[in-house]
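Commentary on secondary and tertiary structure
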Amino acid sequence: MRYENITPKFFAKNRTKLIELMEPDSIAIFNSNYSMPTNGDGCFPYKQNSNLFYLSGIEQEDTILVLCKNKRAIEEHLFIKASNEKDNIWLGEQLVKEEAQRISGVTHMHELQELEAFFAARIPGFRHVLVDINEQFNVHTGVKCKGFTMLQELKDRFPLKKYGSAAILLTQLRMVKEQQEIDLIRKACEITGEAFKIILDFVCPGVKEYEIEAEASRSILKQGATRFAYPPIFGAGINSCVLHYFHNHNTCKDGEMLTLDVGAEYANYSADISRSIPVNGKFTKRQSEVYEAVERIQQRAIDELRVGKRLDDYEKEVAQMMEQELIGLGLLKEEAIAHQSVDEPLYRKFYMHRTAHHIGLDTHDVHIKDMPLKEGMVLTCEPGIYIWEEAIGIRLEDVVLVTKKGPVVLSASIPKALHEIEQYMASTRSSREILASVE
């Protein structure tokens, strides 16, 4: 395991919180993710179902957690694939029941082949059956999760039960982070920050975007991250204006801006950081103007991430900030804004995305759309201005913890101010030149 063990008390506490939300006479079922095929006999690197990890800490596929709540007792059952010599040889040592119990703290351990008999004996005794399915309003992958398949099978076998969602209950819990989760997100940000400093030292005219990606990958893996939390973006010039530019195959040219959107995944928790830097280490006058406009918006937007705020209201406030800065940059006129369409505001030409999203076990973490912000929630703040005609795209993104005393930036150690970027890039270049002359 690349990260320090998370105490089983954390997972036990999460299960207890969930059981408290469950109605009496309920059984809740949580499946691991499928192993997703590439081509032939290959598979993508495995990523555990976030809800199952949150409740158990188990990262192995073919795992099912069952929580039972009735008047007589509360029970926790974990089913894992039986360890066998063939899998151990081909895939590495698999968990045995004792190890899975040590990680999860779950009381009752079973092998997966016992599940069918368990369901046959236990489900008839419960009125409510809760199944975990990805129900996020903005998710349309076309791929059915294991929970969906299990729900259809259970409905066929036990058609008179009252079926419900386990995911909505988990979403309520996962939106508010425990201190240990906050510490893990901060660690992911620190790992990302160290990679960013290496990038500042590495970037120069003539370097390939994928070479920058390679340096970032080496850095985060060396520090114990599992992987990038999402496909990283290293877009120079016109590519800095592409919101989800993942090709990373062009050459960085003198005078261009480079937008970096990268985050490490540590212990399954994500960082999500964006910075924009000049390829040659020095901002032009126009680049400086746009950069400082985005920085002003972000400073004000971070300060608005406070307890009680609703994100829809928050986005409207940021939109007003953006309009004023775009007027200052000569990109919009006040008269035009006064007569703009409510459904198609003019600022959207230069700022197409939202400012904040929840972050945690998933980079775009689960959330309830209209829930006001609470203490312990963690979100990103990522305003940007994208001027296609000038090939200038600038986005600044940080990870922010909501507290009663105000927002706390978990990624604050990562250089961001314009003068910081220029000074850091100038100093590293001077160091390289000195070393080159000595050699």
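Worth saying up front: this structure is predicted, and the values here are computed from it rather than measured.

What counts, and at which threshold
Here, residues in each chain are numbered from 1, in the same order as that chain's written sequence. Only residues with pLDDT of at least 70 get local features here, since the model is predicted, and only at 80 or more are side-chain atom pairs given and counted; chain-wide, interface and lining totals rely on the full set of residues. Side-chain figures throughout are based on the complete set of non-hydrogen atoms in the structure, without hydrogens or water. Each helix is a run of H or I in the DSSP string that is no shorter than four residues. Each strand is a run of E no shorter than two, and both are numbered from the N terminus. A radius of gyration in this sense is built from C-alpha atoms; the matching globule rule multiplies 2.2 Å by the number of residues raised to 0.38. Three exposure classes are used, based on accessible area relative to the maximum for each residue type with a 1.4 Å probe and protein chains only: buried under 20%, partly exposed in between, and exposed over 50%. Pairs of residues are marked as contacts when any of their non-hydrogen atoms sit within 4.5 Å. The charge count treats Lys and Arg as positive and Asp and Glu as negative. His and the chain ends do not count. For this purpose, a charge sits on NZ of Lys, CZ of Arg, CG of Asp or CD of Glu. Among the buried residues, those of types Ala, Val, Leu, Ile, Met, Phe, Trp, Tyr and Cys that are joined through side-chain atoms within 4.5 Å form a nonpolar core. Following DSSP output, two strands are said to pair if at least two bridges run between them. Salt bridges are counted wherever a side-chain nitrogen of Lys or Arg sits within 4 Å of a carboxyl oxygen of Asp or Glu. The directions from the helix axis to the C-beta atoms form the arc being described. Between the rings of Phe, Tyr and Trp (Trp by its six-membered ring), a pair exists once the centres lie within 6.5 Å; its type follows the angle of the planes, with under 30 degrees stacked, over 60 edge-to-face, and the other angles tilted. To define axes, lines are fitted to C-alpha atoms, for helices over the stretch in contact only, and angles between the resulting N-to-C directions are given on a 0 to 180 degree scale.

**Observations concerning the overall build of the protein**
Helix and strand counts for the protein stand at 13 helices and 17 strands. The globule rule puts the C-alpha radius of gyration for 439 residues at 22 Å, and the 24 Å found for the protein is close to it. Based on the C-alpha atoms only, the size of the protein along its principal axes is roughly 75 × 60 × 45 Å. For the protein, the residues scored as buried account for 51% of the 439 residues in total. Put simply, 71% of the contacts in the protein that link residues at least 6 apart link residues at least 24 apart. Treating the 53 positive side-chain charges of the protein as one cloud and the 65 negative ones as another, the clouds have centres 4 Å apart.

**With respect to the nonpolar core**
Judged by nonpolar contacts, the single largest core of 109 residues is most densely connected at Leu18, Phe30, Leu258, Ile277 and Ile385. Per-element tally for this core: the top contributor is helix α8 (residues 179-202), with 10 residues. Setting aside residues up to four positions removed in sequence, Phe30 forms contacts with Leu18, Leu52, Leu55, Thr63, Ile64, Leu65, Leu67, Asp132, Ala166 and Leu170.

**Observations concerning the pairing of strand β15 (residues 392-395)**
Residues in a regular strand point their side chains to alternate faces of the sheet. Because side chains alternate across β15, one face comprises the buried residues Ile392 and Ile394, and the other comprises Gly393 and Arg395, equally buried. Between strand β14 (residues 384-387) and β15, which pair antiparallel one after the other, the connecting turn spans 4 residues, and Ala391 there sits at a positive phi close to 55 degrees.

**Regarding the side chain of Thr355**
Tracing the backbone shows Thr355 in the loop between α12 (334-338) and β13 (378-381). Residue classification places Thr355 among the buried positions, given a relative accessible area of 0%. In contact with Thr355, other than residues within four places in its own chain, are Ala301, Tyr314, Glu315, Val318, Thr380, Cys381, Glu382 and Pro383.

**Quick word on the pattern of salt bridges**
By the definition in use, this model includes 26 salt bridges. A salt bridge links Glu75 to Arg122; its shortest N-O distance comes to 3.0 Å. Of this pair, Glu75 sits in strand β3 (residues 74-80) while Arg122 sits in helix α5 (residues 115-122), placing them 47 residues apart in sequence. Relative accessible area serves as the criterion here: at 23%, Arg122 is assigned to the partly exposed category. Of the charged contacts in the structure, one is a salt bridge between Lys282 and Glu422, with a shortest N-O distance of 3.5 Å.

**Looking at the side chain of Lys17**
Summarising the element assignment, Lys17 is placed in helix α1 (residues 8-21). Not counting chain neighbours up to four residues away, the residues in contact with Lys17 comprise Tyr54, Leu173 and Glu178.

**Quick look at α5**
Side chains that are three or four residues apart share a direction in an α-helix, a result of its 3.6 residues per turn. Taken together, the buried positions of α5 are occupied by Leu115, Phe118 and Phe119. With its buried residues spanning 95 degrees around the axis, α5 presents them on a single face. The outward face of α5, more than 90 degrees from its buried face, is lined by the exposed residues Glu116, Ala117 and Ala121. Here the buried face of α5 lies against β1 (26-31), β2 (63-69), β3, β4 (108-111) and α6 (146-157).

**Observations regarding the packing of aromatic side chains**
Considering all chains together, one arrives at 8 aromatic pairs under this definition. Aromatic side chains Phe10 and Tyr54 sit 6.2 Å apart centroid to centroid with 85 degrees between the ring planes, which places their arrangement in the edge-to-face category. Of the two residues, Phe10 sits in helix α1 while Tyr54 sits in helix α2 (residues 50-56), which places them 44 residues apart along the sequence. For Tyr54, a relative accessible area of 0% puts it in the buried group. For the pair Tyr347 and Tyr351, a centre-to-centre distance of 6.4 Å together with 40 degrees between the ring planes defines the contact as tilted. Summarising the burial analysis for this pair, Tyr347 and Tyr351 share the class buried.

**Description of the sheet that holds strand β8 (residues 233-236)**
In space, the 3 strands of this open sheet follow the order β8-β9-β12, with antiparallel pairing throughout. Two strands in the sheet have a free side with no partner beyond their single neighbour: β8 and β12 (273-278). Averaged over all pairs of adjacent strands, the angle between strand axes in this sheet comes to 10 degrees, irrespective of strand direction. Here 6 bridges tie strand β9 (residues 257-262) to β12, and the two strands are oriented antiparallel to one another. Across the sheet, the residue bridging to Asp261 is Ser274, located in β12. In this fold α8 packs onto β8, β9 and β12, with an angle of close to 10 degrees to the strand it touches most, β12.

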